[in-house]
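Read off the chains here:
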Amino acid sequence: MNNQYQRPIQDDVSEISRYTTPPTSPLSQAIDRNIARIDTMKLDSLITSNIKNHQNQSTSKIDNIDNMFEDLLSISDTTSQKRNSASSATSSNYIIETSKNKAINLTSNIIENMKQKEADLIKIDLDQFEFSYPTKPQSSIKSNELGDMAFLYRINKNIVSVCFNRMQYEAAIPLNQLTGFCITDNGKIFIKLKKNYQHYFGHHLGGYPYLLEPAPMNYDPTGNKFDRAQSLLLTPHPTERLPTLSSLGSKIERLYFCKNGIHNEANTEDGLKIYITCVFPHERRAIALPVNAPFHELLAVIENRFGKTSIPRYGKNKEWIEVNNDESWTIVKDQAIGKRLLRLELHIW
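Residues numbered from 1 in each chain as written. Predicted model: local features only at pLDDT ≥ 70, side-chain atom pairs only at ≥ 80, totals over all residues. Heavy atoms only, no water.

Under the annotation held in an unreviewed UniProt entry, the chain carries the name PB1 domain-containing protein and is attributed to Rhizophagus clarus.

Given below as structure tokens:
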């Protein structure tokens, strides 16, 4: 029984074996060669692709460098891309500033610098300079055009300047070369100078406002009018107001003369005086002024002595008179005229 079925089984196996290719057959070797060729092609393709990617990345990087103010920085490494996809906030760290943003930032910085300079600068437009000398006649420079001449006080540099010829030329004088400074009764700027005082000239490109430091000059563009001058008398333009001039005089008095313990020779104390009691909420203080002192000088002395800029008031018959200009100041002073001792009481809050 067993022998009967043994042969067919062997024949079946033999038949099957005809359709099974041995590993060492020619067909198998051809297939192996094709697989190897395919693997080699894939490898060559992968290498070529990597080289091209590397070249493209290098070209992209070069292009990005050449156009760094126009394009975004290309992030090519996989780790950075994953990090960028995980968090959109970190991608902003790779943004290069464009030329437009750079220009905006530069303009913003210039504006901020100008604002800072304006905060440290007092500018008074002028109509005339008058020079006085110890041994020769006076001289002057005049202009009727607004914006042609000006007086400048640079608070942070302790320098005063006079500018002229459409503000292109500047004559700068350090405050330590002054022996006196004041605003006169008729609202002019008086500057008293040391003998052989030091000063220097500069030329500004583009006029005022000044964005850059001036180019130094080794000669006097006024024809030596500044040479050996003993004082300057500057006439402000009619558009300048007395409160601005008063603030100027007060600042120079407080920030230079008082701060350094220097006597201001321009403040004369000769003649008839009026004694004023300044009544503050918690104290009473006294000051003395020439009887002909204008209103702006009263404000300057109060600010200089007490650091107060409030408008004073005079009380009469339970009514208050606000002292806010020369007219009201004259009316109040008349209350003391005719008395043996000129006294006034002003209330300041």
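That was the structure; now back to the text.
A. Focus on the environment of Cys-163. Within the secondary structure layout, Cys-163 lies in strand β4 (residues 159–164). Sequence spacing of Cys-163 and His-203 is 40 residues, and the spatial spacing of their C-alpha atoms is 9.7 Å. (Helix = DSSP H or I, 4+ residues; strand = E, 2+ residues; numbered from the N terminus.)

B. Geometry of the sheet that holds strand β15 (residues 343–347). Read from one edge of the open sheet, five strands run β12-β11-β15-β13-β14, paired in mixed fashion. Taken across any chain shown, the strands that pair with only one partner, and hence form the sheet edges, are β12 (284–290) and β14 (319–322). Ignoring which end each strand starts from, the neighbouring axes of this sheet average 40° apart. Pairing between strand β13 (residues 313–316) and β14: four bridges, direction antiparallel. Directly across from Gly-315, in β14, lies its bridge partner Trp-320. Here helix α7 (residues 295–306) sits on the sheet in contact with β11 (273–279), β12 and β15, set at roughly 140° to β12. Contacting β11, β12, β13, β14 and β15, helix α8 (residues 326–333) crosses the sheet at an angle of about 130° to β15. (Pairing = 2+ DSSP bridges. Axes fitted to C-alpha atoms, helices over the stretch in contact; angles between N-to-C directions. Contact = heavy atoms within 4.5 Å.)

C. Quick look at the pattern of salt bridges. Applying the stated criterion to the full structure yields nine salt bridges. Note that Arg-285 and Glu-283 form a salt bridge whose closest N and O atoms lie 3.9 Å from each other. Overall, the relative accessible area of 31% leaves Arg-285 in the partly exposed class. (Salt bridge = Lys/Arg side-chain N within 4 Å of Asp/Glu carboxyl O. Buried < 20%, exposed > 50% of the residue type's maximum accessible area, 1.4 Å probe, protein only.)

D. View of the environment of Thr-239. Assignment of secondary structure puts Thr-239 in the loop between β10 (231–236) and α6 (242–258). By relative accessible area, Thr-239 is classed as partly exposed at 49%.

E. Structural detail: the packing of aromatic side chains. On inspection of all chains with the given rule, the structure shows 10 aromatic pairs. Pairing Phe-151 with Phe-181 gives two aromatic rings, centres 6.0 Å apart and planes at 35°, and the pair type is tilted. Here the residue Phe-151 occupies a position in strand β3 (residues 149–154), and Phe-181 occupies one in strand β6 (residues 178–183), the gap between them amounting to 30 residues. Phe-181 gets classed as buried once you look at its relative accessible area, which sits at 2%. Aromatic pair Phe-164 and Tyr-169: ring centres 6.0 Å apart, planes at 25°, arrangement stacked. Put simply, the rings of Phe-129, Phe-131, Phe-164, Tyr-169, Phe-201 and Phe-226 pair up and form one aromatic cluster. Across the ring face of Tyr-208, the terminal group of Lys-123 is positioned such that the distance to the ring centre comes to 5.1 Å. Stacked on the ring of Tyr-133, the Lys or Arg Lys-136 has its end atom at 4.3 Å from the ring centre. (Phe/Tyr/Trp six-rings, centres within 6.5 Å; stacked < 30°, edge-to-face > 60°. Lys NZ or Arg CZ within 6 Å of the ring centre and 35° of its normal.)

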